[in-house]
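# Inside the fold
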Amino acid sequence: MAVDVVQEIKLRTDLVELISVYVPLRRSGRTHKGLCPFHAEKTPSFHVDGERGFFRCYGCGVGGDCFTFLQQKEGLAFNEAGEMLARRLGLEWVRRGDTAEKRSERERLYDMMALAQRFFRERLKDAPVAQKYLERRGLAPETVEAFGLGYAPPGYQALLGWLKGQKIAPEEAEAADLILRGEHGLRDRFVDRLMFPIFDLEGRPVAFGGRALQADAIPKYLNSRELPIFHKGRTLYGLHVAKQEIPKSGFAVAVEGYMDVIALHQAGIVNAVASLGTAITEQHVGVLRRYSDELVFCYDGDSAGMRAATKNSSLFEAAGCNVRVARLPEGDDPDTFVQKHGADAFRSLLTQAEPLLDYQLNTLRAGYDLTDETKRLGFVREAARIVAQSSSSLTRQAYAAKLERTLEMMVDEWYPGQPDQAQRARLALNQEVRRLLRSDGGAPAGGGHPTNGRVMGRGPTTSGPRVQPPAPVRSGQGAEERYVLRAALSEDRWADRVSEQLTVAHFSDSNLVGVAAKLLSEEGDAAGSAPQRADAVKADPELAGVVSELLMDEAPLNDEGLDRCLEGLERAWKRSRKLELWRAYNAGEFLPEDPRREELRRLSAELEGRQRREA
Ligand code: UTP
Ligand code: MN
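Rules of the game
In this convention, every chain numbers its residues from 1, walking through the sequence in written order. Just so you know, chain letters begin at A and ligand numbers begin at 1, following the order they were written in. Under the rules for a predicted model, residues below a pLDDT of 70 receive no local features and side-chain atom pairs below 80 are neither given nor counted, while totals for whole chains, interfaces and linings still include all residues. Side-chain figures throughout are based on the complete set of non-hydrogen atoms in the structure, without hydrogens or water. Here the rule is simple: two strands pair whenever DSSP picks up at least two bridges between them. Counting from the N terminus, the helices are DSSP H or I runs at least four residues long and the strands are E runs at least two residues long. By convention in these notes, a residue is near a molecule or strand provided one of its non-hydrogen atoms lies within 4 Å of it. Under this definition, polar contacts are N or O atom pairs within 3.5 Å; protein pairs additionally need one hydrogen-donor-capable and one acceptor-capable atom, and for neighbouring residues in sequence, both atoms have to be side-chain atoms. In these tables, accessible area is a Shrake-Rupley quantity obtained with a 1.4 Å probe, and a residue counts as shielded only by the protein chains included in the view. Residue ranges assigned to the domains are those given by an automatic or database domain assignment. The classification of residues rests on relative accessible area computed with a 1.4 Å probe and restricted to protein chains. Under 20% of the type maximum is buried, over 50% is exposed, and intermediate values are partly exposed. When checking whether two residues touch, look at their non-hydrogen atoms; a contact exists if any pair is within 4.5 Å. Every angle, taken between N-to-C directions, lies between 0 and 180 degrees, and every axis is a line fitted to C-alpha atoms, over only the stretch in contact when it is a helix. With respect to orientation, any angle under 35 degrees is reported as roughly parallel, any angle over 145 as roughly antiparallel, any angle of 65 to 115 as roughly perpendicular, and every other angle as oblique. In this scheme the crossing of two helices becomes right-handed for a clockwise turn of the near helix relative to the far one and left-handed for an anticlockwise turn of less than a right angle. Here the term charged refers only to Asp, Glu, Lys and Arg, the term nonpolar to Ala, Val, Leu, Ile, Met, Phe, Trp, Tyr, Cys and Pro, and the term polar to all other amino acids, Gly among them. We call Phe, Tyr and Trp rings a pair once their centres come within 6.5 Å, taking the six-membered ring for Trp, and we label the pair stacked below 30 degrees between planes, edge-to-face above 60, and tilted otherwise. To qualify as a nonpolar core, a set must consist of buried Ala, Val, Leu, Ile, Met, Phe, Trp, Tyr and Cys residues joined through side-chain atoms within 4.5 Å. When a carboxyl oxygen of Asp or Glu lies within 4 Å of a side-chain nitrogen of Lys or Arg, that pair is called a salt bridge.

The subject of this paragraph is the pairing of strand E3 (residues 46–49). Of the pairings in the sheet, the one linking strand E2 (residues 31–34) to E3 comprises 3 bridges and is antiparallel in character. Bridging across to E3, glycine 34 finds its partner in phenylalanine 46. Following E3, the chain reverses through 4 residues before pairing antiparallel with strand E4 (residues 54–57); glycine 53 in that reversal takes a positive phi of roughly 75 degrees.

This is the structure:
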């Protein structure tokens, strides 16, 4: 029966209208097109086919139907997307694999949470102590209202008694982890605590965090346990509001605590979210990056905060996000900082945030007394280890080069007026860096500078979670990439074929990605003949050098060679896409109706068929 609903939803949902809520679309022939809501771009490569009910971005490769769109954009599970779509059409959604019982269990939990929130909110009105507390912490009444804050009274029987008065069975509240059953019977779980409702993406309360009013109470925050409607590993506090703002501001701010989110939102910094006192999980990453793949971590200004920021941000970096870390003064958290210094001061901290690796290296450097000769090698080792662990081979290479330059400068400071000694030290240190990078399985030091981290972050070489070894460099691919670009820059018909068959995702050579991006953009396409396209690319001063170098290469080009290279690049792209899908599959990210299943099946069949033929 659910299948029929799925079909009916697909048939009846106006995909253009649905997507238009997120991004303006305009008609282009039979379909619609606009700027991709899943990655940052300046020229539209996102297409929506309303008649057939699917969308696709030729820039970043996302695609699917109304279900996939909501799942990806809103970070919803298949069933959640189904519920939302069904509601729009006035249909009833039946969860996959759900008995009527299980469904009503979830619905009863939602109802209970909403009811409890109302109760706690009401109680706050007659709790002057709690109100004073909020006031002292600088929260305006509108903020308290907006975040639905409340108060759980003391006495262990407040909620329980109220439920009785409402003729609601205590079992309902027990199932929602609001009432406990102990030796002495039933009692409230939250007692004399400020109550922070935790909302799901649709803004429904699905859990609570209760903060003790006394400074020394343990635990400071008491949180709801995992429930069928509440998954800590997927929920981000504040995201139901921040999800509107994050795509607009182009990045999210990750903070540690409930109060941090609230204080920032109150100050007008509405793109802040927090995980719920737990480590960031890959599911959090998945949810958040639907809105942006740029993220600034701003954790407490103490060593624990710094460690957590580093750990959590590496997870995002490994997923190909662009991560920076903002530093707070020791002893501050975002809440205290913004209350003391205001929103502008906080914004300027965000602007000064350092890329993760810089942050790690600078932090490391501050922790070493480098005037002590014996400590220097320790510093070098540790620095090389950090660089070697970086998830992307491109950043690794760039940073190894950077580390070597930094070392050279430091050595000059260490040995003023002693050039021989400085030279010896430089060699020794650089050798050490290279050795460490190699032994860690990292790429050799030096060389490659990323031209554009964004484009590459989304490219097919993005390696997986950092626990895995770095993705192997696709050998020979650089040569194929060079070949097709040289062809595209020299003959019109080749330029057309390249722009028809390739996207920037087919390129991985750090020197060439920028050229490919420009050439394959609408602007490059519109430039006309091959030489004009070359000029259009050269207009970017960062790319001019590479283009000239490509054009000076006089090795022969022909149709056959181009065919071979195009095919090779397509195959390489498919292979890495397949790996990416397998990773997602293995991480349990696939849902029953996930179109990625079909894509994975297709890619596997295609690639296998070809290997057999080759063998
Ligand atoms: P913090 O101790 O930094 O809390 O913990 P905070 O948000 O700054 O709270 P205030 O300002 O003291 O009121 C960060 C987050 O860790 C979780 C909560 O989600 C908290 O917001 N946490 C902390 C718990 O779940 N339990 C605890 O006992 C403490
Ligand atoms: Mn705090």
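Moving on from the coordinates now.
Taken together, 14 residues lie near ligand 1, and Arg137, Arg211, Lys220, Asn223 and Tyr258 sit nearest. Between tyrosine 221 and ligand 1, the recorded distance is 2.9 Å, taken from a side-chain N or O atom to an oxygen atom. Burial of ligand 1 by the surrounding chains reaches 79%, relative to a free accessible area of 570 Å². Elements supplying a minimum of two residues to the shell around ligand 1: strand E11 (221–223) and helix H11 (258–266). Looking at which domains feed residues into the shell around ligand 1, each of domain 2 (100–223) and domain 3 (239–360) supplies at least three.

Before going further, it helps to examine unusual backbone geometry. Here the amide bond leading from isoleucine 218 into proline 219 is cis, since omega sits at -5 degrees, within 30 degrees of zero. With respect to the helices and strands, proline 219 occurs in the loop between strand E10 (205–212) and E11. The phi torsion at aspartate 177 lies on the positive side, around 60 degrees, for a residue other than glycine. Here aspartate 177 lies in the loop between helix H9 (170–175) and strand E7 (179–182).

Attention now moves to the sheet that holds strand E16 (residues 354–355). Judged by pairing direction, the sheet is mixed, and its 5 strands sit side by side in the order E13-E12-E14-E15-E16 without closing on themselves. Edge positions in the sheet fall to strand E13 (272–274) and E16, since each of these pairs with one other strand and no more. As paired strands, strand E14 (residues 294–297) and strand E15 (residues 322–325) are joined by 4 bridges and run parallel to one another. Note that in E15 the partner of valine 296 across the bridge is arginine 324.

On to helix H3 (residues 66–74), then. When you tally the buried positions in H3, you get 9 out of 9 residues, the bulk of the element. Of the positions making up H3, those classed as buried are Cys66, Phe67, Thr68, Phe69, Leu70, Gln71, Gln72, Lys73 and Glu74. The backbone nitrogen of phenylalanine 67 lies 2.9 Å from a side-chain oxygen of the residue at the head of H3, namely aspartate 65. Within two residues after H3, glycine 75 carries a phi angle of roughly 65 degrees, on the positive side.

Before going further, it helps to spend a moment on the sheet that holds strand E5 (residues 63–64). Strand order in the open sheet made by the 5 strands is E1-E2-E3-E4-E5, with antiparallel pairing throughout. This sheet does not close on itself; its edge strands, each paired only once, are strand E1 (26–28) and E5. Two elements, E1 and E2, share 3 bridges in a ladder whose sense is antiparallel. Counted as the bridge partner of arginine 26 is lysine 33 from E2.

Structurally, the position occupied by glutamine 72 is in helix H3. Since its relative accessible area comes to 14%, glutamine 72 is described here as buried. With sequence-adjacent residues up to four places away left out, glutamine 72 is seen in contact with Phe38, Val62 and Arg290.

To continue, consider the packing of H3 against helix H4 (residues 78–89). Packed helix pairs are specified by the crossing angle of their axes together with the interaxial distance, meaning the distance between the axes. The interhelical angle for the contact between H3 and H4, taken along N-to-C directions, is 115 degrees, at an axis separation of 9 Å. On the basis of the axis angle, H3 is roughly perpendicular to H4. In this structure, H3 crosses over H4, and the sense of that crossing is right-handed. Contacts between H3 and H4 involve Cys66, Phe67, Leu70 and Gln71 on the former and, on the latter, Phe78, Ala81, Gly82, Met84 and Leu85. For the contact of H3 with H4, the per-class residue count stands at 7 nonpolar, 2 polar and no charged.

Let's shift gears to the packing of aromatic side chains. With the rule as written, the count across this model stands at 21 aromatic pairs. Ring plane angle 85 degrees and centroid distance 5.2 Å describe the contact between phenylalanine 120 and phenylalanine 208, whose orientation is recorded as edge-to-face. Residue phenylalanine 120 is located in helix H5 (residues 100–125), and its partner phenylalanine 208 is located in strand E10; the two are separated by 88 residues in the primary sequence. Summarising the aromatic geometry, the rings of phenylalanine 196 and tyrosine 258 are spaced 5.4 Å apart at their centres and angled 25 degrees between planes, so their arrangement reads as stacked.

Moving on, we get to the environment of lysine 574. Inspection of the secondary structure puts lysine 574 in helix H26 (residues 559–586). Separated by 30 residues in sequence, lysine 574 and serine 604 place their C-alpha atoms 8.9 Å apart.

Further remarks concern the environment of valine 546. Mapped onto the secondary structure, valine 546 falls in helix H25 (residues 541–552). Aside from chain neighbours lying at most four places away, what touches valine 546 is Asn511, Leu512 and Val515.

Moving on to the packing of helix H13 (residues 303–318) against helix H15 (residues 356–366). With their axes 10 Å apart at the nearest point, H13 and H15 run at an angle of 150 degrees to one another. With respect to H15, the element H13 is oriented roughly antiparallel. Helix-helix and strand crossings are classified by hand; for H13 and H15 the assignment is left-handed. The residues of H15 that touch H13, namely those facing Met306, Thr310, Ser313, Ser314 and Glu317, are Leu356, Tyr359, Gln360 and Thr363. Here the contact of H13 with H15 is built from residues that sort into 3 nonpolar, 5 polar and 1 charged.

As a further point, take the nonpolar core. Of all hydrophobic cores here, the largest spans 63 residues; its most connected members are Phe120, Leu149, Leu178, Phe196, Phe208, Tyr237 and Phe346. Here this core gets 9 residues from one element, more than from any other, and that element is H5. Residue contacts for phenylalanine 196: discarding those within four places in its chain leaves Leu149, Ala207, Phe208, Gly209, Arg211, Tyr221, Tyr237, Tyr258, Met259 and Ile262. Within the second largest apolar cluster, 50 residues are counted, among which are Phe55, Leu70, Phe78 and Ala81.

Position of alanine 279 among the secondary structure elements: in the loop between E13 and helix H12 (282–288). The partly exposed category is assigned to alanine 279, whose relative accessible area is 39%. Residues alanine 279 and lysine 311, spaced 32 residues apart in sequence, show a C-alpha to C-alpha distance of 8.6 Å. For alanine 279, the contacting residues outside a window of four places in its chain are His284, Lys311 and Asn312.

With that settled, consider the pattern of salt bridges. Tallying each qualifying case throughout the model produces 32 salt bridges. The salt bridge partner of glutamate 491 is arginine 493, with a shortest N-O separation of 3.5 Å. For glutamate 491, a relative accessible area of 33% puts it in the partly exposed group. Owing to a relative accessible area of 44%, arginine 493 belongs among the partly exposed residues under this scheme. Bridged by salt links that share partners, the residues Arg30, Asp49, Glu51 and Arg52 form one connected network.

The side chains of a regular strand alternate between the sheet's two faces. Judged from the 3 bridges that link them, strand E12 (residues 252–255) and E14 form a sheet pairing that is parallel. Paired with alanine 254 across the bridge in E14 is phenylalanine 297.

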